[in-house]
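# Breakdown of the fold
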Amino acid sequence: MADVVLEHITKNFGSVTAVRDFNLTVHDGEFTVLVGPSGCGKTTTLRIVAGLEEQSSGSVYIGGRKVDDLSPKDRNIAMVFQNYALYPHMNVFDNMAFGLRLRHTPPDEIRRRVNEAAEILGITPFLKRLPRELSGGQRQRVALGRAIVRRPAVFLMDEPLSNLDAKLRTQMRMELLKLYQRLGSTVIYVTHDQVEAMTMGTRIVVMKDGEIQQVAPPQELYDHPANMFVAGFIGSPPMNFLPARLRQDGGRVVAAGDGFQVTLPPEKAALCNAADVVVGVRPEHIVVDDGSVPLSVDGTFEAVVDVVEPLGHEVYLHLAVGGHTVTARVGPAGIRKPGESVRVAFDINAVHAFHPDTGVAYF
Ligand SMILES: Nc1ncnc2c1ncn2[C@@H]1O[C@H](COP(=O)(O)OP(=O)(O)OP(=O)(O)O)[C@@H](O)[C@H]1O
Ligand SMILES: [Mg+2]
C-alpha cells in the first residue's frame, strides 16, 4: 500500500502562502500530475511530501502512516528533480549505486538492482561512462535510474524532462509512461506543461496561487473545466472567452454578445442564475462555413479573418468577431485569406458558460 494523503496542508514562507489548505488523496499505483503556472506551489507541495520542507499546518500520510515526523530517507520515496546533478567524476554505475551504498546495501544486491534498472532504462551499454560522455536524454535516464534502484513506494518527480529539447522530451515522456506501466508505482509528477499533464496523468491536479482548482482525469478536465482558469489553462490554442448576455427568444435562450450569438440547450441555460455570463468555446468548436456543410442561417454570424496559421494537418484561423478576436481550428481545406469574411457558428452542444465575476463554470 503506497497511497499518499495530503490533509489540509498549508505552507507559509513569511508572509507568502505558497500552499493553502491542500487536500488530496493519491491512490496506490496512480500517476498524479500537479500542473499550474510558475509559482503556484507545485514544488513546495512535492517537497513537503518528500519531507524536504516542513508544512506550516496539516499532515501527510504515506501508505496509511503519518510521516510528518519522519525524515526524507525514512519515507520510502524517491525524488527526481529538474536539475538532477549527477556526480561528474563517477561513472553511470556508481552514480546509480551511490544511494544504495549510503544505505549499506550489500554489494551483490547493489549490482543486481543497478543492472536491472539499467536494463529497464536501456542504458546498460553506458554503465562505465562518465555523465559528460552521455547525451541529455541518457543523463536523464541515469537520474531516473538512481530513483528506481531505491525501489521506493512513491516516486516524486519535479519537472524531470524540462532540461530536454522538444523531441527528446516527447520521447522520454513515452518512456516514462512505459516505465510507470512496468513498475506500477505511485507517482506524483510536477510540470507546468499542460501537454505533459494531459498525456501522462491518470489524474491531474490543477493549481493556482497555492490552491487546487480542480482534480480530475485528463478528458474530464478538458470537457468539464470547473472554472475559467482551468478552461484557459488546459488546451492549446486555449478556449475563447466572450462576454454575453442571456435573453429569451421565443421558447429559447440565446447568449448574445458583441458580434455573435449562440442558442443554448435549454437544460444548460437553466443552470445560469444570472443574465450576464462569459461564453467559452474551444477552437475546434467554432464551425467555419466552407460550403461543404450548409450552416443554418439561424445562429450564424459574420467574422473577418485576421491572421492565418497553417500547421499542415490543421489551420488556426484568428477571427475578428465584433470587437474580439477568437481562434478557430479547422482542417487544411478550411484555409482562408486574411481579410476574407466568413460565416461562423459555435457548436451549441460544446459551448461553456462561466460566472463573469467568480469564473466558476455553469456548464
Ligand atoms: N524557500 C522559500 N522562501 C520563500 N518563498 C518561497 C520559498 N520557496 C518557494 N517560495 C515561494 O512560494 C511560492 C511557490 O513556489 P514553488 O517553488 O512551490 O512554485 P512552483 O509551482 O514549483 O513554480 P515553478 O513552476 O516556477 O517551479 C512562490 O511564490 C515562491 O516564490
Ligand atoms: Mg517548481
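The paragraphs below set out a description of the structure included in this document.

About the thresholds
Residues numbered from 1 in each chain as written. Chains lettered and ligands numbered in written order. Predicted model: local features only at pLDDT ≥ 70, side-chain atom pairs only at ≥ 80, totals over all residues. Heavy atoms only, no water. Phe/Tyr/Trp six-rings, centres within 6.5 Å; stacked < 30°, edge-to-face > 60°. Helix = DSSP H or I, 4+ residues; strand = E, 2+ residues; numbered from the N terminus. Buried < 20%, exposed > 50% of the residue type's maximum accessible area, 1.4 Å probe, protein only. Lys NZ or Arg CZ within 6 Å of the ring centre and 35° of its normal. Pairing = 2+ DSSP bridges. Axes fitted to C-alpha atoms, helices over the stretch in contact; angles between N-to-C directions. Near = heavy atom within 4 Å. Polar contact = N/O pair within 3.5 Å; in protein donor to acceptor, adjacent residues only side chain to side chain. Areas by Shrake-Rupley, 256 points an atom, 1.4 Å probe, with all protein chains shown as cover. Nonpolar A, V, L, I, M, F, W, Y, C, P; charged D, E, K, R; others polar.

The description of two aromatic rings rests on the distance between their centres and on the angle between their planes. Under the criterion given, the structure shown has eight aromatic pairs. Arranged with centres 5.0 Å apart and planes meeting at 85°, the rings of F31 and Y180 form a pair that is edge-to-face. Here the residue F31 occupies a position in strand β3 (residues 31-35), and Y180 occupies one in helix α5 (residues 166-183), the gap between them amounting to 149 residues. On the accessibility criterion, F31 (1% relative accessible area) is buried. When the centroid spacing of 5.7 Å and the interplanar angle of 15° are considered together, the rings of F229 and F233 count as stacked. Taken as a pair, F229 and F233 lie in helix α8 (residues 228-233) at a separation of four residues, close to a single helical turn. Aromatic rings pair up to connect F31, Y180 and Y189 into one cluster. Across from the ring centre of Y222, 3.8 Å away, lies the NZ or CZ of R282, which sits over that ring.

Before going further, it helps to spend a moment on the sheet that holds strand β13 (residues 260-264). The antiparallel open sheet is built from five strands, whose spatial order is β13-β12-β11-β14-β20. In this open sheet, the two strands that pair with only one neighbour each are β13 and β20 (352-354). The mean inter-strand angle of the sheet, taken between neighbouring strand axes irrespective of direction, is 40°. Judged from the six bridges that link them, strand β11 (residues 240-249) and strand β14 (residues 276-281) form a sheet pairing that is antiparallel. In the sheet register, A244 faces β14, and the bridge partner there is V277.

Our focus in this paragraph is the pairing of strand β4 (residues 57-62). Bridge count for strand β1 (residues 4-13) against β4 is five bridges, and the pairing is antiparallel. Across the sheet, residue V5 finds its bridge partner in β4, namely Y61. Two strands pair when backbone bridges link them, and β4 and strand β5 (residues 65-66) are joined in this way by two bridges, in the antiparallel orientation. Bridge pairing in β5 places Y61 opposite K66. The turn joining β4 and β5, which pair antiparallel and follow one another in sequence, is formed by two residues; a positive phi near 60° is taken by G63.

Contacts to ligand 1 come from F13, A18, P37, S38, G39, C40, G41, K42, T43, T44 and E159. One of the backbone N or O atoms of G39 is found 2.8 Å from an oxygen atom in ligand 1. One of the backbone nitrogen or oxygen atoms of G41 is found 3.0 Å away from an oxygen atom of ligand 1. Calculation on ligand 1 without its partners gives an accessible area of 630 Å², and the protein chains cover 59% of this total. Per-element tally for the shell around ligand 1: the top contributor is helix α1 (residues 42-50), with three residues. Of the residues belonging to the shell around ligand 1, the class tally is four nonpolar, five polar and two charged.

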